[in-house]
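Next come the chains, spelled out residue by residue.
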Amino acid sequence: MWGIKIKVIFFDTETTGLDFRCCKIIELAMLTVENGEIMEEYDEFINIGEPLPPGITQITSITNEMLKNEGVEEESVANDLKGRLTPDTLMIAHNAQFDLSFIYFLLKRHFPSEADDIVSSLNWIDTYTVLKDRKEYPHKLIDAVHHYGIEEVNFHRAIEDTKALFEVTKALKRERNDLVEYVNVFGYNPKYGVSGLTFPFIEYKPQYYSKFMKSSDDILPRK
């Protein structure tokens, strides 16, 4: 997919809310891809030991019973992450700032002295940022799926979203082969600023809406 041998992890989280400081991941999914082939499909519910907000069940269809009966302990997922997030792995998510923040805090709870080194040793691509340079608003993952004619999945379930993300990323690369320029560059709406933490290994740039595909000379990483 990238023309070189590199490990790529497409990932998505479902959470109990938007605040990564006090909310928690309830489902983590990852597709590990090497040389364009899916090598591992990872999907775990996390038993957080407390009731879900009713609105989250409505959005995700994840219930308290599912977490209790099928969920694993958060520590187990933290160990799984630590074992898979090896240096120089390319991490790809849609609205990666959100998922990165939640993964960081999960790792920080279990590996407080190692979490910063783990996340900073990786490379990150936010397909939301890329999409804003490619098409007019809106820019959710489902909008990308429709825009590129990809078969729909059960959105708001992490494993299905990662599969859709994999196909969207391939479509973005076919459309214009410049994804490497977006490595560790996240766009943000200047009206609202960066949501949550700012990570020192990410370059944050204001990104405005566009009604057309930006020229290769006018993409966000070159501004």
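Relevant structure appears above.
Residues numbered from 1 in each chain as written. Predicted model: local features only at pLDDT ≥ 70, side-chain atom pairs only at ≥ 80, totals over all residues. Heavy atoms only, no water.

Participant: Got a minute to help me understand helix H4 (residues 96-110) in this structure?
Facilitator: Here H4 is 15 residues long and its end C-alpha atoms lie 21 Å apart, about the 21 Å a rise of 1.5 Å per residue gives. Counting buried residues in H4 gives eleven out of 15 residues, a clear majority hidden from the surface. (Helix = DSSP H or I, 4+ residues; strand = E, 2+ residues; numbered from the N terminus. Expected span 1.5 Å × (residues − 1). Buried < 20%, exposed > 50% of the residue type's maximum accessible area, 1.4 Å probe, protein only.)

Participant: What am I meant to see in the environment of Ile25 here?
Facilitator: By the secondary structure assignment, Ile25 is in strand S2 (residues 25-34). On the basis of relative accessible area, Ile25 is assigned to the buried category, the value being 1%. Not counting the four nearest positions on each side in its chain, Ile25 is found in contact with Thr13, Glu14, Thr15, Ile46, Ile48, Phe102, Ile103 and Leu106. (Contact = heavy atoms within 4.5 Å.)

Participant: What am I meant to see in the sheet that holds S2 here?
Facilitator: Across a sheet, paired strands are connected by hydrogen bonds in the backbone, their directions being either parallel or antiparallel. Pairing is mixed across the open sheet formed by five strands, whose spatial order is S3-S2-S1-S4-S5. Two strands lie at the open edges of the sheet, namely strand S3 (37-45) and strand S5 (123-126), each paired on one side alone. Going across the sheet, the axis of each strand differs from the next one's by a mean of 20°, ignoring polarity. Two strands pair when backbone bridges link them, and strand S1 (residues 7-15) and strand S4 (residues 90-93) are joined in this way by three bridges, in the parallel orientation. Bridge pairing in S4 places Ile9 opposite Met91. Strands in contact with H4 are S1, S2, S4 and S5; relative to S1, the strand with the most contacts, it is inclined by about 85°. This element, helix H8 (residues 158-175), spans S1, S2, S3 and S4 of the sheet and lies at about 140° to S1. (Pairing = 2+ DSSP bridges. Axes fitted to C-alpha atoms, helices over the stretch in contact; angles between N-to-C directions.)

Participant: Explanation requested: the environment of Ile56 in the structure shown.
Facilitator: Looking at the secondary structure, you find Ile56 in helix H1 (residues 54-60). The exposure class assigned to Ile56 is buried, which follows from its relative accessible area of 12%. When the C-alpha positions of Ile56 and Thr15 are compared, they lie 7.9 Å apart, and in sequence the two are 41 residues distant. Excluding residues within four positions of it along the chain, Ile56 makes contact with Thr15, Thr16, Gly17, Ile26 and Ser61.

Participant: Teacher, can you tell me more about the pairing of S1 here?
Facilitator: The side chains of a regular strand alternate, residue by residue, between the two faces of the sheet. Counting buried positions over the nine residues of S1 gives nine, a clear majority of the element. Side chains Lys7, Ile9, Phe11, Thr13 and Thr15 of S1 all project onto a buried face; the interleaved residues Val8, Phe10, Asp12 and Glu14 project onto the opposite face, where all are buried too.

Participant: Would you take a moment to explain the state of the cysteines for this structure?
Facilitator: Simply put, the disulfide is a covalent bond whose two ends are the sulfur atoms of two cysteines. For the structure on display, the rule yields zero disulfides. For Cys22, which is in no disulfide, the shortest distance to another cysteine sulfur is to Cys23 and amounts to 4.2 Å. (Disulfide = S-S within 2.5 Å.)

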